[in-house]
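# Observations on the three-dimensional arrangement
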Amino acid sequence: KKIGEELIKKYENIYFLIAGKEEPLKGINNPRWIEAGWTKDAKDIVNAADLFILPNKETYFDLVLLEVMSLGKVIVLSNTGGNKYFKKFNSNGLLYFDKEDKEKAIEQIEKVMNNRELIDKNDNRSIFKNNFTIGKFSNNYKKMMEEIYKENNESEK
């Protein structure tokens, strides 16, 4: 909300489209802050946006991050918890800020606003396709289970 309030004051052409239940937090009373509510078609809301903001204060591994990556959207995300895992991919479409650094978050959002090519040509979709599809997940899960089985059998000898 703090990021949104500041950007809405600064730019006339910025809108925030918010999905999900509005409570316990309430949105900003501004026509450019749009509370869409709960939806079964989150991809439609994400696809209506140029970027996705994931401002977790704490997180383990937020599945919405994978959903948004699969759609090829730029993501401005907090440098916390499971979000940090994705740094290893060096994606030009994942722009980090420290969770309490509102100014850095705004700087990252403005970077996207000023770079149409980044919006159109980020590499989040290919990272998702190469690492996080159901097939990739099941293969990695199977390998992990085989390693655990092998380790347990070796330790019993």
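Residues numbered from 1 in each chain as written. Predicted model: local features only at pLDDT ≥ 70, side-chain atom pairs only at ≥ 80, totals over all residues. Heavy atoms only, no water.

Moving on, we get to the sheet that holds strand β4 (residues 74-78). Strand order in the open sheet formed by three strands is β3-β4-β5, with parallel pairing between adjacent strands. Looking along the sheet, the strands with just one partner apiece sit at the ends: β3 (51-54) and β5 (94-97). On average, each strand axis in the sheet is tilted by 20 degrees relative to the strand beside it, whichever way the strands run. Sheet topology places β4 next to β5; four bridges connect them, and they run parallel. Paired with I75 across the bridge in β5 is L94. Contacting β3, β4 and β5, helix α4 (residues 102-113) runs over the sheet at an angle of about 160 degrees to β5. (Pairing = 2+ DSSP bridges. Helix = DSSP H or I, 4+ residues; strand = E, 2+ residues; numbered from the N terminus. Axes fitted to C-alpha atoms, helices over the stretch in contact; angles between N-to-C directions. Contact = heavy atoms within 4.5 Å.)

We now examine the environment of K99. By secondary structure assignment, the location of K99 is in the loop between β5 and α4. Once the C-alpha coordinates of K99 and I18 are considered, the two residues, 81 residues apart in sequence, prove to be 19 Å apart. With residues up to four places along the chain from it excluded, the contact list for K99 reads N56, K57, S78 and T80. Among the polar contacts listed, one links the side chain of K99 to the backbone oxygen of K57, at a separation of 3.3 Å. (Polar contact = N/O pair within 3.5 Å; in protein donor to acceptor, adjacent residues only side chain to side chain.)

All quantities given are derived from atomic positions and should not be read as evidence of function.
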